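# Coordinate inspection notes
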Amino acid sequence: MTYDLYIGDRLFSSWSLRGWLMLEKFDLPYRSHMIGLYSGTMAEDMKPLAPARLVPALRLPDGVVVGESLAMAETLSERHPEAGLWPTEPAARATARWLCAEMIAGFTALRGECPMQLSHCWQGFDPAPETRADLDRIETLWSHARAISGATSGPMFGAYSLADVFYTPVAARIIGYGLPVSDANRDYCLQLLSDTSVRQWRAMGMTVAYDPFPYARDLSVQAWPVGGQSDARAAQDGPSINKNCPYSGKPVTHFLELNAQRWGFCNQFCRDKTVADPDAWPKFSAMTNAVNDS
Ligand SMILES: N[C@@H](CCC(=O)N[C@@H](CS)C(=O)NCC(=O)O)C(=O)O
């Protein structure tokens, strides 16, 4: 049983990130398929999923297509009650549903003024009053969630849930534009972005070169706070310390250099995602640690 998830871009498509997290974070089996969100092929790519027209879209194992993130979330939750997508406690679950629904329907100023981008942090961004009002509302909702759940830090409802999934791209906007929130809520945003899955999503997104950079601004930039400064670089050739790819086990063909050591991978994408954020990949870390700790 495998789901087919259709996503657009990784660095810029906030909804794709939500769709991916609701499978990845709850260990549900899926294959990802890229839709040409920025390449001009989106309408053509989406035809087999009609009448779904936006990303993410989900094809269930029986072939049924589900468009819209909240419908995907509810469908996955119903099909996998043991996976814990929604909080188990009824008041927490009702509140989590409310927060997700309000996120989907609201915060239009924040979403309009600060499109999600996971590349870097803009410096000196001054949000409009309407965006500040959206931030106030988000902080009100987050503190209400914590009053209901009793969780003073970490996931909003204690255990990681769809509420954290739906607010991860909001956290990326808060951090990526340096938006004003309380220290505790900034910590929560950084926790969401430090999640290994989120780091991996970003690292995969960083393998794409954009010209022009979407949603460019005339502002200086600072490195992304989690995994934003990689010491690794792509290398033209080997030999590498490892003969087989840490991810597939296949013979290596692409190389990177990290701390004066050369490591190999079986394709360019896996090499480049590792260059982007070497510490985001437990299999790569296990391989380098096994060599360097021996
Ligand atoms: N309400 C939809 C929103 C999805 C959405 O807006 N996706 C954007 C990408 S982040 C999209 O497909 N844009 C393409 C377009 O508008 O043509 C959901 O909850 O899934």
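Please refer to the structure higher up on the page.
Given the structure is predicted, the values throughout are model-derived calculations rather than measurements. Per chain, the residues get numbers from 1 upward, laid out in the order the sequence is written. Local features in this predicted model are restricted to residues of pLDDT 70 or higher, and side-chain atom pairs are both shown and tallied only at a pLDDT of 80 or more, whereas totals for entire chains, interfaces and linings draw on every residue.

## Some words on the site of the ligand
Heads up, the condition is: Residue proximity rests on one test: whether the C-beta atom, placed from the backbone, lies within 6 Å of the molecule or strand. Only DSSP runs of H or I reaching four residues or more are called helices, and only runs of E reaching two or more are called strands; each is numbered from the N terminus. Amino acid classes used here: Ala, Val, Leu, Ile, Met, Phe, Trp, Tyr, Cys and Pro are nonpolar; Asp, Glu, Lys and Arg are charged; the rest, including Gly, are polar.
Within the structure, the ligand sits among Gly8, Ser13, Ser14, Trp15, Ser16, Leu54, Val55, Pro56, Glu68, Ser69 and Ile104. Tallying contributions element by element places helix α1 (residues 14–24) first for the shell around the ligand, with 3 residues. Of the residues belonging to the shell around the ligand, the class tally is 5 nonpolar, 5 polar and 1 charged.

## Notes on the nonpolar core
Stated precisely, the cut-off is as follows: By definition, a nonpolar core groups buried Ala, Val, Leu, Ile, Met, Phe, Trp, Tyr and Cys residues that connect through C-beta atoms lying within 7 Å of each other. The burial criterion counts other C-beta atoms lying within 10 Å of a residue's C-beta, which is placed from the backbone; the residue is buried at 20 or more, exposed at 12 or fewer, and partly exposed between these limits. Residue pairs are scored as contacts if the distance between their C-beta atoms, which are placed from the backbone, is within 7 Å.
Within the largest apolar cluster, 72 residues are counted, with the highest numbers of intra-cluster contacts made by Met22, Ala96, Ala145, Leu162, Ala163, Ala171 and Leu193. Of all the elements, helix α7 (residues 162–176) adds the most residues to this core, at 10 residues. Among residues more than four places away in sequence, those in contact with Leu193 are Ala171, Ala172, Ile175, Val198 and Val226.

## Section: the environment of Asp136
Structurally, Asp136 can be placed in helix α6 (residues 129–149). In this structure, the C-alpha to C-alpha distance between Asp136 and Val55, residues 81 residues apart in sequence, is 28 Å.

## Concerning the environment of Gly8
Counting through the fold element by element, Gly8 comes out in the loop between β1 (3–7) and α1. For the pair Gly8 and Arg93, spaced 85 residues apart in sequence, the C-alpha separation works out to 29 Å. In contact with Gly8, other than residues within four places in its own chain, are Ser13, Ser16, Ile35, Leu37 and Val55.

## Focus on the sheet that holds strand β3 (residues 57–59)
Each strand in a sheet pairs with its neighbour through backbone hydrogen bonds, running either in the same direction (parallel) or in the opposite one (antiparallel). The criterion, for reference: Paired strands, in this sense, are two strands between which DSSP finds at least two bridges. Axis lines are fitted through C-alpha atoms, for helices just across the contact stretch, and the angle between N-to-C directions can take any value from 0 to 180 degrees.
A sheet is described by the order of its strands in space; here 4 strands give the open sequence β2-β1-β3-β4, paired in mixed fashion. Two strands close off the open sheet at either side, each with one partner strand: β2 (30–34) and β4 (65–67). Recorded for the sheet is a direction-independent mean angle of 20° between the axes of neighbouring strands. Relative to β4, β3 runs antiparallel, the two sharing 3 bridges. Note on β4: the bridge partner recorded for Leu58 is Val66. Across the sheet, α1 is in contact with β1, β2 and β3; its angle to β1 comes to roughly 160°.

## Overview of the packing of α1 against helix α3 (residues 69–79)
Operational definition: We call two directions roughly parallel when the angle between them is under 35 degrees, roughly antiparallel when it is over 145, roughly perpendicular when it lies between 65 and 115, and oblique otherwise.
Following both chains from N to C, one finds α1 and α3 inclined at 0°, their axes separated by 10 Å at the closest point. With respect to each other, α1 and α3 are oriented roughly parallel. Taken together, the residues of α3 that come into contact with α1 (itself represented by Trp15, Arg18, Gly19 and Met22) are Ser69, Met72, Ala73 and Leu76. Taken together, the residues that form the contact of α1 with α3 break down as 5 nonpolar, 2 polar and 1 charged.

## Comments concerning the sheet that holds strand β7 (residues 233–235)
If you trace the 3 strands from one edge of the open sheet to the other, you get β7-β8-β9, paired in antiparallel fashion. Each edge of the open sheet carries a strand with a single partner, namely β7 and β9 (261–265). Ignoring which end each strand starts from, the neighbouring axes of this sheet average 40° apart. Where β7 meets strand β8 (residues 254–258), 3 bridges bridge the pair, whose relative direction is antiparallel.

## Considerations on the pairing of β1
A regular strand carries its side chains on alternate faces of the sheet. We count it as follows: The handedness of a crossover follows from its direction of travel: if, with the strands pointing away from the viewer, the path from the first strand over the helix to the second runs clockwise, the crossover is right-handed.
Most of β1 is tucked away, with 4 of its 5 residues classed as buried. What joins β1 to β2 is α1, and the crossover it makes is right-handed. Where β1 meets β3, 3 bridges bridge the pair, whose relative direction is antiparallel. Paired with Tyr6 across the two strands is Ala57, which belongs to β3.

## A short note on unusual backbone geometry
The residue after Val55, namely Pro56, is reached through a cis peptide bond having omega 5°. Structurally, Pro56 is set in the loop between α2 (42–46) and β3. In this structure, the amide linkage connecting Asp211 to the following residue, Pro212, adopts the cis form with an omega of 5°. Turning to its location among the elements, Pro212 is positioned in the loop between α9 (196–205) and β6 (221–223). At Asp27, a position not held by glycine, the phi torsion is positive, near 55°.

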